[in-house]
Amino acid sequence: MIPICLVLCLNCFKVRGIARKIVRVLIICSILISDLRISGTTNTNAKTSNLNIIFVVDTTLSMLADDYGDHQTRISGVAENVEYIMSNIPARYELITFANTADVKMPLTTDYAAITSALKGSPVVGYSYAKGTDISAAVDIVKEVTRLSNNDKTRKTVLMMFTDGENNSDASGGTYDGVKQFVDDGLVIGYGTSQGST
């Protein structure tokens, strides 16, 4: 069961600094109040943490829209927020990206630099290959990854999805309902503005 599902729009405030601070507090609080016993601020504590955090990142073409912060792309905003989360929550992290298909870019690790490198090295799908965002593209991989993580009953599993939520695919994929049984908490962080890219 997922006790908290938090949907955030990172650009819903005109002042970027205020928005970022509010988002950061909400992200950290959403983890802490769900009875996950974690402490510390760096990956030196990750090996003693009982937390697995799985990042699921949208790398579709629309994530290149430059309406995050001061004309940064949405995907650069994801990278910034992922780094902030890792610097404040000691855990083992896993990275999954999805566009037309989904891939595990980095399995569970305490090497935060490897997660950052894998994310920044994950190309956004180009025009030639783009077939529209399919939010359900990662369902099967996410279900398997969370199932394996849940096998270790001494650890908690948290799922974090980063997406602009623009589902343009005609594909009738599955839903994430089957994932609920394998995670202890989760949140979705949304990117973009109603105006879109400028």
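Values in this document were obtained by computation on a predicted structure and should not be read as measured data. (Residues numbered from 1 in each chain as written. Predicted model: local features only at pLDDT ≥ 70, side-chain atom pairs only at ≥ 80, totals over all residues. Heavy atoms only, no water.)

Peer 1: What should I look at first to understand helix α4 (residues 139-150) in this one?
Peer 2: Counting along an α-helix, one turn takes 3.6 residues, and residues three or four places apart therefore face a common direction. Spanning twelve residues, α4 covers 16 Å between terminal C-alpha atoms, matching the ideal 16 Å at 1.5 Å per step. Every buried residue of α4 is accounted for by Val139, Val142, Val145, Thr146, Ser149 and Asn150. Along the axis of α4, the buried positions cluster into a sector of 135°, meaning they face one direction only. Those residues of α4 that are buried are in contact with β2 (51-58), β3 (92-98), β4 (102-109) and β5 (156-163). (Helix = DSSP H or I, 4+ residues; strand = E, 2+ residues; numbered from the N terminus. Expected span 1.5 Å × (residues − 1). Buried < 20%, exposed > 50% of the residue type's maximum accessible area, 1.4 Å probe, protein only. Arc of directions from axis to C-beta. Contact = heavy atoms within 4.5 Å.)

Peer 1: When you look at the environment of Asp184 in this model, what are you seeing that I'm missing?
Peer 2: Its location among the elements puts Asp184 in the loop between β5 and β6 (185-190). The spatial distance from the C-alpha of Asp184 to the C-alpha of Val158 is 5.9 Å, given a sequence separation of 26 residues.

Peer 1: I keep staring at the pattern of salt bridges and nothing clicks. Help me out?
Peer 2: Charged atoms that come close allow side chains of opposite charge to pair. Counted under the stated rule, the structure contains five salt bridges. In this structure, Arg74 and Asp67 form a salt bridge, with 2.8 Å as the shortest nitrogen-oxygen distance. By relative accessible area, Asp67 is classed as buried at 8%. Note that Arg74 and Asp164 form a salt bridge whose closest N and O atoms lie 2.9 Å from each other. With Arg74 in helix α2 (residues 74-88) and Asp164 in the loop between β5 and β6, this pair connects stretches of sequence that are 90 residues apart. Overall, Arg74 belongs to the buried group, its relative accessible area being 7%. Overall, Asp164 belongs to the buried group, its relative accessible area being 15%. Three or more residues are tied together by salt bridges with common partners; here these are Asp67, Arg74 and Asp164. (Salt bridge = Lys/Arg side-chain N within 4 Å of Asp/Glu carboxyl O.)

Peer 1: Sorry if this is basic, but what is going on with unusual backbone geometry here?
Peer 2: A negative phi holds for most residues other than glycine; trans holds for most peptide bonds. Of note, His71 is a non-glycine position whose phi angle comes to about 60°, a positive value. Structurally, the position occupied by His71 is in the loop between β2 and α2. Given the relative accessible area of 57%, His71 is considered exposed.

Peer 1: How should the side chain of Arg155 be read in this particular structure?
Peer 2: Secondary-structure assignment places Arg155 in the loop between α4 and β5. Polar contacts involving the side chain of Arg155 include one to the main-chain carbonyl oxygen of Leu51, which spans 2.8 Å. Side chain to side chain, Arg155 and Asn52 meet in a polar contact 2.6 Å long. (Polar contact = N/O pair within 3.5 Å; in protein donor to acceptor, adjacent residues only side chain to side chain.)

Peer 1: Looking at this structure, I do not really get the pairing of β4. What am I missing?
Peer 2: Regular strands have side chains that alternate between both faces of the sheet. Of the pairings in the sheet, the one linking β3 to β4 comprises five bridges and is antiparallel in character. Counted as the bridge partner of Thr97 is Asp103 from β4. What sits between the antiparallel neighbours β3 and β4 is a turn of three residues. (Pairing = 2+ DSSP bridges.)

Peer 1: Where do I start with the confidence of the model for the chain in this structure?
Peer 2: Regions with low pLDDT carry predicted coordinates that are not meant to be interpreted in detail. Residues with a pLDDT of 70 or more make up 65% of the chain, whose mean pLDDT is 76. Counting interchain partners and residues more than four positions distant, the pLDDT-below-50 stretch residues 36-42 has 23 contacts. (pLDDT = per-residue confidence, 0-100.)

Peer 1: I'm lost on the nonpolar core in this one. Help?
Peer 2: Nonpolar side chains tend to gather and get buried jointly when the protein is soluble and globular. Core analysis: the biggest nonpolar cluster contains 29 residues, and Ile53, Phe55, Val78, Tyr93 and Phe162 have the highest contact counts within it. Those elements that place two or more of their residues in this core are β2, α2, β3, α3 (112-120), β5 and β6. With six residues, α2 is the single largest residue contributor to this core. With residues up to four places along the chain from it excluded, the contact list for Tyr93 reads Ile53, Phe55, Ile85, Met86, Pro107, Leu108, Thr109, Tyr112 and Ile115. Counting 13 residues, the second largest nonpolar core, distinct from the first, contains Ile96, Phe98, Leu159 and Val179. (Core = buried A, V, L, I, M, F, W, Y, C linked by side-chain atoms within 4.5 Å.)

Peer 1: Can you walk me through the packing of aromatic side chains in this structure?
Peer 2: The way to describe two aromatic rings as a pair is by their centre distance and the angle between their planes. For the structure on display, the rule yields four aromatic pairs. Between Phe55 and Phe162, the aromatic rings sit 5.5 Å apart at their centres with planes inclined by 70°, giving edge-to-face as the arrangement. Here Phe55 is found in strand β2, whereas its partner Phe162 is found in strand β5, with 107 residues between them in sequence. Considered together, Phe55 and Phe162 belong to a single accessibility category, that of buried residues. Counting every residue linked through ring pairs, the aromatic cluster contains Phe55, Tyr93, Tyr112 and Phe162. (Phe/Tyr/Trp six-rings, centres within 6.5 Å; stacked < 30°, edge-to-face > 60°.)

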